[in-house]
Amino acid sequence: KFGSDFLLACWDAKTSSMVAMVGDPNVDHTWWITAEMIDVLGLSRPVFQVNKANPGTELACEASAALAAASIVFEQFGGASSSYIARLRTSSAELYQFGKDYQGNYANSVP
């Protein structure tokens, strides 16, 4: 459930945007410390999103597939409420439609 919670938190249907990456890999990978320490040191932690202006079809559709699969697992084997399963399916459909309507390569939108 942690994985599906994470994907749900990344997707905002109201703005048609999904958090794709947090942090600057050019900065983050030069330090052998945790992300929390990067914040303590005052280094920047930008948030990159895929959205209508910066599409990421593969990210949106892979997240859609993961949420749809999670809904099936929870429905068949339990572990989540019917309202949570419905939320998974709604978000899955929204992400799929977003990926279909705003096609573009994730690598061109997120560094």
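Let me begin by describing the structure that accompanies this report.

The rules behind these values
- Residues numbered from 1 in each chain as written.
- Predicted model: local features only at pLDDT ≥ 70, side-chain atom pairs only at ≥ 80, totals over all residues.
- Heavy atoms only, no water.
- Helix = DSSP H or I, 4+ residues; strand = E, 2+ residues; numbered from the N terminus.
- Buried < 20%, exposed > 50% of the residue type's maximum accessible area, 1.4 Å probe, protein only.
- Contact = heavy atoms within 4.5 Å.
- Areas by Shrake-Rupley, 256 points an atom, 1.4 Å probe, with all protein chains shown as cover.
- Arc of directions from axis to C-beta.
- Expected span 1.5 Å × (residues − 1).
- Core = buried A, V, L, I, M, F, W, Y, C linked by side-chain atoms within 4.5 Å.

Okay, the overall build of the chain next. In terms of helices and strands, the chain carries six helices and three strands. Taken along its principal axes, the extent of the C-alpha atoms in the chain is 45 × 30 × 20 Å. Looking at the chain as a whole, 31% of its 111 residues are labelled buried. For the chain, contacts bridging at least 24 residues in sequence account for 73% of all contacts bridging at least 6. Summed over its atoms, the accessible surface of the chain is roughly 6900 Å², and 58% of this surface lies on carbon and sulfur atoms.

Within helix α1 (residues 2-10), the full set of buried residues consists of Ser 4, Leu 7, Leu 8 and Cys 10. When α1 is viewed along its axis, its buried side chains cluster within an angular range of 160 degrees and face the same direction. Facing away from the buried surface of α1 by more than 90 degrees, the exposed residues are Phe 2, Phe 6 and Ala 9. Of the surrounding secondary structure, the elements contacted by the buried residues of α1 are β1 (11-12), β2 (17-22), α4 (57-77) and α5 (82-101).

What follows is about α5. Taking 1.5 Å per residue, 20 residues should reach 28 Å; α5 reaches 28 Å between its end C-alpha atoms and fits that length. Residues of α5 that are buried make contact with α1, β1, β2, β3 (47-50) and α4.

The next point concerns the nonpolar core. Judged by nonpolar contacts, the single largest core of 18 residues is most densely connected at Met 18, Leu 67, Phe 74, Leu 88 and Leu 95. Contributing elements (two or more residues each) for this core: α1, β2, α4 and α5.

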